[in-house]
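# Coordinate analysis (summary)
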Amino acid sequence: MRLLKEWYDAINNATNVDAIEEIRISIFGKKGVLATEFAKMKTASNEDKSKIAKELNTHKSALMNELSVKKTELQTQELELAMQAEGLDVSLYSTSSEAGALHPVMETMDRIVEYFAALNFAVKTGGMVEDDFNNFEALNLPKYHPARDMQDTFYFKDEMLLRTHTSPVQIRTMMAQKPPIRMIAPGAVFRRDYDITHTPMFHQIEGLLVDEKGKVSFANLKFILEDFLKFMFGEVEVRFRPSFFPFTEPSAEADISCVFCKGDGCRVCSHTGWLEVLGCGIVDPNVFEAVKYENVSGYAFGLGVERFAMLIHQIGDLRSLFEGDIKLLEQFR
Ligand code: PHE
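## Overview of the overall build of the chain
- If you tally the helices and strands in the chain, you get 11 helices and nine strands.
- Against the globule reference of 20 Å for 333 residues, the chain gives a C-alpha radius of gyration of 39 Å, more extended than a compact globule.
- Viewed in the frame of its principal axes, the chain has a C-alpha envelope of about 125 × 45 × 45 Å.
- Split into buried and exposed, the 333 residues of the chain put 41% on the buried side.
- Put simply, of all contacts in the chain between residues at least 6 apart along the chain, 67% involve residues at least 24 apart.
- If you sum the accessible surface of the chain, you get close to 19,400 Å²; carbon and sulfur atoms cover 53% of it.
- Each charge class in the chain can be summarised by its mean position, and for the 37 positive and 49 negative side chains these summaries are 6 Å apart.

This is the structure we're talking about:
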């Protein structure tokens, strides 16, 4: 038993957690001192056996207790030493910190605004919550007209809704000021859509130019949009296709030659060689009537900013722009 007593000192004198583990094995292991002591009982007399067993069991639990107390003590000590050594200083300035950057959608929006601002277009904004008159009615989209189906949205009470496009800013601007008008309206819009090319919230830029009757032609519109699209996408081909919008007549959709395959045809352009990028047209007389403008002519256009950003940065899934994934966004810095 004397031998066992020495182990109390050994535990007491241990200086690290590894030493504790070694001691534990020496005492409690298969070939440890306890096993050896218990084995000796075989040769003892019956009377001695119970005495020895009792004593050994007392030591057994006492040693176990000592070990665990010492282990905790050493662990705390080691942790404290490690923390001191690592010297974590949260106030330390890191030279590896990186500058933030604009989101690719905002950056694209800025670039579009930059183009039109240089041509003296004023930047107008409106509320994201609109009324039925500005979002639909004044834009020649009467109630129950089937063309409303193209732009289903989220409704509030009293005919208020989340605007489906930036076109209501045309109406608000014309109601607030006299012609001539030369404006763009960037901002968030909302629709009930969700797939790889649509999100319920996205951004548009609207353009409107109004001047005296006979002064604004489709040729003017075509010229400026071609120049603008080349500013945004570089040397691309631009074409206009007849289309329909209730608020313009005639209406067109502008396409650029596919930026991925240079017009040869690929998956992104559905093998047509062309990508649709914006809607436009000559302002419908019914719109001017709604805002009580007389003897004027004008053109208007509208485009989706995310679509521009996707084509410029060759991003496959529009939804990834809104996931806040730093790894993805960092690529566009
Ligand atoms: N408001 C239209 C849309 O969201 C785009 C557009 C604007 C078309 C102006 C023509 C003129 O689809």
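This is not the end of the story, as more comes after the structure.
## Points about the domain arrangement of the chain
- Annotation of the chain at the domain level lists domain 1 (2–86) and domain 2 (104–332).
- Of note, the centres of domain 1 and domain 2, computed from C-alpha atoms alone, are 79 Å apart.

## Some thoughts on the site of the ligand
- The immediate surroundings of the ligand are formed by 14 residues, with His165, Ser167, Arg191, Gln204 and Gly302 found nearest.
- Here a nitrogen atom of the ligand sits 3.0 Å away from a polar atom, N or O, in the side chain of His165.
- Separating an oxygen atom of the ligand from a side-chain N or O atom of Arg191 is a distance of 2.8 Å.
- Taken by itself the ligand offers 330 Å² of open surface, and the protein chains cover 92% of this.
- Elements with a minimum of two residues in the shell around the ligand: β5 (201–212), β8 (274–283) and β9 (296–304).
- Top contributing element to the shell around the ligand by residue count: β9, with three residues.
- Grouping the amino acids of the shell around the ligand by side-chain chemistry returns five nonpolar, seven polar and two charged.

## Examining helix α4 (residues 46–86)
- Taking 1.5 Å per residue, 41 residues should reach 60 Å; α4 reaches 59 Å between its end C-alpha atoms and fits that length.
- For α4, every residue scored as buried is listed here: Ala53, Leu56, His59, Leu63, Leu67, Lys70 and Leu74.
- Among the residues trailing α4, Gly87 stands out with phi positive, at a value near 50°.

## Some thoughts on the nonpolar core
- If you look at the biggest cluster of nonpolar residues, it comprises 46 residues, and the most contacted ones within it are Phe228, Leu229 and Phe233.
- Secondary structure elements with two or more residues in this core: α5 (104–118), β5, α8 (218–233), β6 (238–245), β7 (248–257), β8, β9 and α10 (305–313).
- With seven residues, α8 is the single largest residue contributor to this core.
- Apart from residues lying up to four places away in sequence, Phe233 is in contact with Ile256, Val259, Val277, Phe308, Leu311 and Ile312.
- With 23 residues, the next largest nonpolar core counts Ala138, Leu139, Val169 and Val283 among its residues.

Reading the values: rules and limits
- Residues numbered from 1 in each chain as written.
- Predicted model: local features only at pLDDT ≥ 70, side-chain atom pairs only at ≥ 80, totals over all residues.
- Heavy atoms only, no water.
- Helix = DSSP H or I, 4+ residues; strand = E, 2+ residues; numbered from the N terminus.
- Rg over C-alpha atoms; globule rule 2.2 N^0.38 Å.
- Buried < 20%, exposed > 50% of the residue type's maximum accessible area, 1.4 Å probe, protein only.
- Contact = heavy atoms within 4.5 Å.
- Areas by Shrake-Rupley, 256 points an atom, 1.4 Å probe, with all protein chains shown as cover.
- Lys, Arg positive; Asp, Glu negative; His and termini not counted.
- Charge placed at Lys NZ, Arg CZ, Asp CG, Glu CD.
- Domains from an automatic or database assignment.
- Near = heavy atom within 4 Å.
- Polar contact = N/O pair within 3.5 Å; in protein donor to acceptor, adjacent residues only side chain to side chain.
- Nonpolar A, V, L, I, M, F, W, Y, C, P; charged D, E, K, R; others polar.
- Expected span 1.5 Å × (residues − 1).
- Core = buried A, V, L, I, M, F, W, Y, C linked by side-chain atoms within 4.5 Å.

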